[in-house]
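Inside the fold
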Protein chains: 2
Amino acid sequence: MENFTPTDRTVVRRLPKRASYDRALVHQILDEGFVCHVGFVADGKPFVIPTAYGRLGDTLYLHGAKASRMLKALAAGAEACVTVTLVDGLVLARSAFHHSMNYRSVVVFGRASAVEDPREKLAAMRAFSEHLIPGRWDEVREPNERELTATLVLALPLAEVSAKVRAGAPVDDEEDLALPVWAGELPLRLSAGEPVRDPLVVGETPPSESVVAYARALNKR
Amino acid sequence: MENFTPTDRTVVRRLPKRASYDRALVHQILDEGFVCHVGFVADGKPFVIPTAYGRLGDTLYLHGAKASRMLKALAAGAEACVTVTLVDGLVLARSAFHHSMNYRSVVVFGRASAVEDPREKLAAMRAFSEHLIPGRWDEVREPNERELTATLVLALPLAEVSAKVRAGAPVDDEEDLALPVWAGELPLRLSAGEPVRDPLVVGETPPSESVVAYARALNKR
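Residues numbered from 1 in each chain as written. Chains lettered and ligands numbered in written order. Predicted model: local features only at pLDDT ≥ 70, side-chain atom pairs only at ≥ 80, totals over all residues. Heavy atoms only, no water.

**Re the interface of chain B and chain A**
- Contacts between the two partners involve 91 residues from chain B and, on the opposite side, 91 residues from chain A.
- Carbon and sulfur atoms make up 67% of the area that chain B and chain A hide from each other, which totals about 7,400 Å².
- Our count for the contact surface shared by chain B and chain A stands at eight salt bridges.
- For B:Arg141, the salt bridge goes to A:Asp173, with nearest N and O atoms at 3.8 Å. (Contact = heavy atoms within 4.5 Å. Buried area = accessible area lost by both parts, 1.4 Å probe. Salt bridge = Lys/Arg side-chain N within 4 Å of Asp/Glu carboxyl O.)

Right, here's the structure in full:
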């Protein structure tokens with residue numbers, strides 16, 4: 001896979017050694033995250049809205065109700081900046097100043113367009129579902145005509161993209177290294193609790209395989 | 001505490017029953033999160049950058065190096081939209097369409113200004129530190145003159161603010177309730193792993209109380 005080409009917007013200026021344009025890394029970060037923050041401009045002012053997403057190849061899909069202000073703005077051609085951030089840990093230094101976080105983030109710039117082709121739309125819906133929780137799509141009722149019509153799906157090409165990664169130990173000033181203070185990383189991760197059954201579930205139906213497998217994978221990470 | 005007053009920008013249009021302007025709830029969400037996504041407009045285009053933050057009363061503080069494009073833009077008076085999102089769980093319905101997430105989010109609009117007063121600046125630095133990991137400030141070396149000078153601290157008033165919360169079970173269509181599919185919520189939470197010691201730590205120094213307490217509080221949640 002070829003790297004993404006940095007552009008004026010994606011060239012990382014602050015701490016450029018943390019930057020990456022590696023396509024496989026970008027895909028990996030996007031596939032591990034599941035909430036993105038979508039930035040757009042309306043009346044000259046910035047808006048940042050959290051939402052779910054899916055990815056197929058080099059396309060990022062967003063979706064929602066047709067009435068969504070964000071989706072309407074993007075479908076009308078507004079520039080988007082979509083950011084996905086994974087927090088991997090707290091970086092605990094000997095000095096307050098050098099505290100930091102370990103993280104992996106991706107920033108995507110571009111214009112999205114509405115997906116009109118019903119097959120691509122259904123594939124995107126499947127991608128949202130499989131992205132949120134793999135295997136679930138085959139366990140549940142697929143979207144019907146009415147639901148597909150009510151849903152606006154946008155495709156944003158992964159073309160102008162950068163990743164940024166910080167990992168590892170704190171970097172303290174030389175003269176602070178002798179301080180008798182514990183320093184290092186406190187790893188953070190998302191984990192799953194016990195599934196909470198909807199009281200309306202019929203009969204004895206146990207948690208589906210997708211739910212059990214997802215929780216297991218998350219908790220083993 | 002009085003509620004925030006909705007404005008044209010903060011009145012929640014999509015799923016307004018999820019909206020809240022409750023000040024205590026907004027503070028609670030901001031205090032539980034520790035990464036925000038800052039949106040701003042540069043050359044007419046949107047940028048969304050993840051960063052740490054702190055809160056003191058009704059002021060949200062951002063900080064970073066003076067060279068940061070984001071901080072420079074905001075300090076110069078650019079409008080900001082700062083969003084904090086906490087993901088509480090996956091909402092697993094019987095139909096693909098009704099899948100969702102449980103979350104709590106806060107959106108803040110406004111203009112930030114640079115903090116010049118050295119006492120407020122130091123208080124903000126302490127707030128960043130205590131926000132990231134309570135108790136740490138007293139264990140480590142405080143910022144010195146050079147570090148304070150190198151840091152740009154911005155204050156954003158919490159005035160134009162809204163929260164949005166989804167909680168609870170999936171909401172399926174009546175006719176899907178009879179489907180023999182497990183439905184409910186898979187709770188997600190951030191948890192801490194084993195602290196990773198910086199190999200340069202002197203002597204036998206064990207993890208500080210702040211690190212142990214933080215991990216414990218997170219894992220007990």
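There's plenty left to go through after this.
**Section: the sheet that holds strand β9 (residues 151-157) of chain B**
All names here are of chain B.
- Read from one edge to the other, the open sheet built from four strands follows the order β4-β5-β9-β8, with strand pairing classed as antiparallel. Strands with a single pairing partner mark the edges of an open sheet, and in this sheet they are β4 (54-56) and β8 (113-114).
- Strand direction decides the pairing type here: β4 and strand β5 (residues 59-65), joined by three bridges, are antiparallel. Residue pairing in the sheet places arginine 55 in a bridge with leucine 60 of β5. (Pairing = 2+ DSSP bridges. Helix = DSSP H or I, 4+ residues; strand = E, 2+ residues; numbered from the N terminus.)

**Let's talk about the packing of aromatic side chains**
- Counting across every chain of the model gives four aromatic pairs over all chains.
- Considering the side-chain rings of A:Phe47 and B:Phe109, the 5.2 Å spacing of their centres and the 65 degrees angle between planes classify their relative orientation as edge-to-face. Remark: B:Phe109 occurs in strand β7 (residues 100-111) and A:Phe47 occurs in strand β3 (residues 45-52); the pair is interchain, linking two chains. Accessibility classification places A:Phe47 together with B:Phe109 in one group, the buried group.
- Aromatic ring contacts, followed pair by pair, group A:Phe40, A:Phe47 and B:Phe109 into a single cluster.
- Directly above the aromatic system of A:Phe4 lies the positively charged group of A:Arg23, at a separation of 4.1 Å from the ring centroid. (Phe/Tyr/Trp six-rings, centres within 6.5 Å; stacked < 30°, edge-to-face > 60°. Buried < 20%, exposed > 50% of the residue type's maximum accessible area, 1.4 Å probe, protein only. Lys NZ or Arg CZ within 6 Å of the ring centre and 35° of its normal.)

**Focus: the pairing of β7(B)**
Residues and elements named next belong to chain B.
- A large share of β7 lies buried, amounting to 11 of its 12 residues.
- In this sheet, β7 lies alongside strand β6 (residues 79-92) in antiparallel orientation, the contact comprising 12 bridges. Residue pairing across strands places cysteine 81 opposite phenylalanine 109, the latter belonging to β7.
- Here seven bridges tie β7 to strand β10 (residues 160-166), and the two strands are oriented antiparallel to one another. When the sheet's bridge partners are listed, tyrosine 103 is paired in β10 with arginine 166.

**Some remarks on the domain arrangement of chain A**
Residues and elements named next belong to chain A.
- For chain A, the domain assignment lists domain 1 (16-188) and domain 2 (189-221).
- Computed from C-alpha coordinates alone, the two centres of domain 1 and domain 2 are separated by 24 Å.
- Contacts between the two partners involve 10 residues from domain 1 and, on the opposite side, eight residues from domain 2.
- Summed over both partners, the interface of domain 1 with domain 2 buries about 660 Å², with 55% contributed by carbon and sulfur atoms.
- Per-residue buried area on domain 1 facing domain 2 is highest for Ile133, Glu139 and Leu188; these three make up 47% of the total on that side.
- For the pair domain 1 and domain 2, the interface holds zero salt bridges.
- At the boundary of domain 1 and domain 2, one finds three residue pairs in polar contact (both at pLDDT 80 or more). (Domains from an automatic or database assignment. Polar contact = N/O pair within 3.5 Å; in protein donor to acceptor, adjacent residues only side chain to side chain.)

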